[in-house]
Amino acid sequence: MKKIFVSLIILAFVSVNLFAQDDIDSAFVDTSGPIQYFPTTGNWGLGVDLTPFLYYVKTLIENNSNISPSFGFTTKHPLTITGKYFLDDKSAIRIAFRIGSINTTENQFVSDDADSTHEEVVLDSKQNKQNNIAFGVGYVKHRGENNLKAIYGGMLLFSYASNKTDYFYGNTMAVNNPSPTSYNWSINNSLAVSSRPVSDYQGTALGLKLYAFGGIEYFFLPMMSASAEITYGVNYTHLGEGTETFVVWNSLDKKTETSTQHYHTQSFFSLDTGISG
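Computed from a prediction, not measured in an experiment: that's the story for all the values here.

Is there a simple way to explain the overall build of the chain in this structure?
When helices and strands are tallied, the chain shows three helices and 13 strands. Relative to its 277 residues, the chain shows a buried fraction of 38%. Expressed as a percentage of contacts within the chain between residues at least 6 apart in sequence, the contacts between residues at least 24 apart total 69%. Summing over all exposed atoms, the chain offers an accessible surface of approximately 15600 Å²; the carbon and sulfur share of this is 58%.

Help me understand the environment of Leu46, please; the structure alone is not making it clear to me.
Within the fold, Leu46 resides in strand S2 (residues 44-48). Residue classification places Leu46 among the partly exposed residues on the basis of a relative accessible area of 44%. When the C-alpha atoms of Leu46 and Arg94 are compared, they prove to be 9.7 Å apart, with 48 residues separating the residues in sequence.

Help me understand unusual backbone geometry in this model?
The phi torsion of most residues other than glycine is negative, and most of the peptide bonds are trans. With a phi close to 55°, Asn188 is a non-glycine residue in the positive phi region. For Asn188, the position within the fold is in the loop between strand S7 (181-184) and strand S8 (189-192). Since its relative accessible area comes to 51%, Asn188 is described here as exposed. With phi around 55°, Lys254 is a residue other than glycine that occupies positive phi space. Looking at the element boundaries, Lys254 is found in the loop between strand S11 (242-250) and strand S12 (255-263).

How should empty space enclosed by the protein be read in this particular structure?
If a probe as big as a water molecule is rolled over the atoms, it shows which places are left empty. Tallied over the entire structure, the rule returns two cavities of 30 Å³ or more. Taken as a whole, the second largest cavity holds about 30 Å³ of empty space. In terms of lining, the second largest cavity is formed by Phe38, Pro39, Phe86, Asp89, His142, Lys149 and Phe219.

Looking at this structure, I do not really get the side chain of Arg196. What am I missing?
Topologically, Arg196 is positioned in strand S9 (residues 195-221). Of the side chains with opposite charge, Asp124 lies nearest to the buried Arg196, which makes no salt bridge, at 5.7 Å. Engagement of the side chain of Arg196 in a polar contact is seen with the backbone oxygen of Asn171, the distance being 2.8 Å. With near-sequence residues (within four places) excluded, Arg196 lies in contact with Tyr169, Asn171, Thr172, Met173, Pro180, Ser182, Thr245, Phe246 and Val247.

I'm lost on the nonpolar core in this one. Help?
Here is a general trend for soluble globular proteins: nonpolar side chains tend to be buried in one another's company. Formed by Phe86, Ala92, Ala96, Val140, Ile151, Met155, Leu157, Tyr211 and Phe213, the largest nonpolar core amounts to nine residues. Elements represented by at least two residues in this core include exactly strand S4 (91-111), strand S6 (148-168) and S9. Here the element with the most residues in this core is S6; it accounts for three residues. Those residues in contact with Ile151, other than ones at most four positions away along the chain, are Val140, Lys141, His142, Phe213, Gly214, Gly215, Ile216, Glu217, Ser227 and Glu229. Residues Val110, Val122, Tyr169 and Tyr183 belong to the second largest nonpolar core, which totals six residues.

How should I be thinking about the side chain of Thr181 in this particular structure?
Relative to the helices and strands, Thr181 resides in strand S7. A distance of 2.8 Å separates the side chain of Thr181 from the side chain of Asp113, its partner in a polar contact. Beyond its immediate sequence surroundings of up to four residues, Thr181 is in contact with Val110, Ser111, Asp113, Asp124, Asn171, Ser190, Leu191 and Ala192.

Please clarify how a nonpolar patch on the surface should be interpreted in this entry.
A cluster of nonpolar side chains, Trp44, Leu46, Ile81, Tyr85, Leu87, Ile95, Phe97, Phe135, Val137 and Tyr139, forms an exposed patch at the surface whose accessible area comes to about 920 Å². Put simply, the parts of the chain that give the nonpolar patch at least two residues each are S2, strand S3 (81-86), S4 and strand S5 (121-143). If you tally residues by element for the nonpolar patch, the top one is S5, at three residues.

So what exactly am I meant to see when it comes to the pairing of S11 here?
On a regular strand, one side chain projects to one face of the sheet and the next to the other, so that they alternate. Among the nine residues that make up S11, seven are buried, leaving the element largely enclosed by the rest of the structure. One ladder, built from six bridges, connects S9 with S11; its direction is antiparallel. In the strand pairing of S11, Asp200 is matched with Glu244. Taken together, S11 and the strand that follows it, S12, pair antiparallel across an intervening segment of four residues, in which Lys254 is found at a positive phi of about 55°.

So what exactly am I meant to see when it comes to the pairing of S12 here?
Sheet topology places S11 next to S12; nine bridges connect them, and they run antiparallel. Bridge assignment links Glu244 to a residue of S12, and that residue is Gln261.

Explanation requested: the packing of aromatic side chains in the structure shown.
Here the distance between the centres and the angle between the planes together describe a pair of aromatic rings. All chains considered together, the criterion is met by three aromatic pairs. An aromatic cluster is built from Tyr167, Tyr183 and Trp185, whose rings are joined through pairwise contacts. Over the face of the ring belonging to Phe213 we find Arg94, whose NZ or CZ atom lies 4.2 Å from the ring centre. Positioned over the ring face of Tyr211 is Lys209, at 5.1 Å from the centre of the ring.

Conventions we followed
Within any chain, residue numbers begin from 1 and follow the written order of that chain's sequence. This being a predicted model, a pLDDT of at least 70 is required before a residue's local features are given, and a value of 80 or more before pairs of side-chain atoms are given or counted; all residues contribute to the totals for chains, interfaces and linings. Side-chain measures were taken over the full set of non-hydrogen atoms in the model, leaving aside hydrogen atoms and water. A run of DSSP states H or I qualifies as a helix once it reaches four residues; a run of E qualifies as a strand once it reaches two. Both are numbered from the N-terminal end. For every residue, the accessible area (1.4 Å probe, protein chains only) is compared with the maximum for its type, and the residue is labelled buried under 20%, exposed over 50%, or partly exposed between those bounds. Any two residues having at least one pair of non-hydrogen atoms within 4.5 Å are treated as being in contact. Note on areas: these come from Shrake-Rupley sampling with a 1.4 Å probe, and a residue is covered only by the protein chains present in the view. In this analysis a 1.4 Å probe is tested at points of a 1 Å grid over the protein atoms alone, and where it fits but cannot get out there is a cavity; an open set with protein on both sides within 12 Å along at least five of seven lines is a pocket; lining residues have an atom within 4 Å of a point. Grid points are joined across faces, edges and corners, and a volume is the space filled by probe spheres set on the points. Counted as positive: Lys and Arg. Counted as negative: Asp and Glu, with His and the chain ends omitted from the count. By definition here, a salt bridge exists when the distance from a side-chain nitrogen of Lys or Arg to a carboxyl oxygen of Asp or Glu is within 4 Å. Whenever a nitrogen or oxygen atom comes within 3.5 Å of another N or O atom, the pair is scored as a polar contact, on the condition that within protein one atom can donate a hydrogen and the other can accept it, and that pairs from neighbouring residues in sequence are kept only if both atoms are in side chains. Residues enter a nonpolar core if they are buried and are Ala, Val, Leu, Ile, Met, Phe, Trp, Tyr or Cys, with the set joined through side-chain atoms within 4.5 Å. A residue counts toward a patch only above 30% relative accessible area and without a salt bridge, and it is joined to like-charged neighbours within 9 Å or, for Val, Leu, Ile, Met, Phe, Trp and Tyr, to nonpolar neighbours within 5 Å. One requirement defines pairing of two strands: DSSP has to find at least two bridges between them. Each Phe, Tyr or Trp ring (for Trp, its six-membered ring) is paired with any other whose centre lies within 6.5 Å, and the angle between the two planes then decides the class: stacked below 30 degrees, edge-to-face above 60, tilted in between. Two conditions define a charge sitting above a ring: the NZ of Lys or the CZ of Arg must be within 6 Å of the ring centre, and it must be within 35 degrees of the ring normal.

Right, dumping it as structure tokens:
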């Protein structure tokens, strides 16, 4: 517990929430009266989940590891942007969302099999498409009269993710070239093959997370705060069926054939604690 607590304290002063209100400028300019540090009815705020940095510091302390934090999407830690709308100065509605789409293309040159001198090259490509969507809603309460406040509440979060990779080759698999030179993305090298992948669909991941949270929020400037939370709840993820498709040369029939492997569906359920900032 000591190491987790240290991680929370260190990261509590990095995760920043900004709150908007009509008279926020006067909070900085007007020094004739008390400065309004805290949001009130009708104010709203935005924040970002810094869980990767929390785990980075925790790992650094426990294992002396310096692996950089990653903001990659998972159904357990979808790393959402968070918004809060204050119903009054003690309670707020919390909304979390993330809509992400990633398209990447990797190209590699291989020898052109039609060139007997092996000086010409053709292009092999790997294209990956990922979609990451998350949406959640919750309720948060604030307790305390000074700059350091206790916070607690609950959250329901839904997430969706998909991942597909397509492969394209410059050398055609045919009768006069049944084992074309192709780039092998697994070993990062080109070789002559009679079977090569053309697509890899990893299935659709659906996640549902229901959890309670409690922690602290510190207002270090007017309408600006940092917070750290400990969560406890259930997390369910269902991974749909995936497929990996290959093109294979049939030496008996002298033609190409398509072979598809299927990934079985999987489900994961957990009841556990977590940390966020």
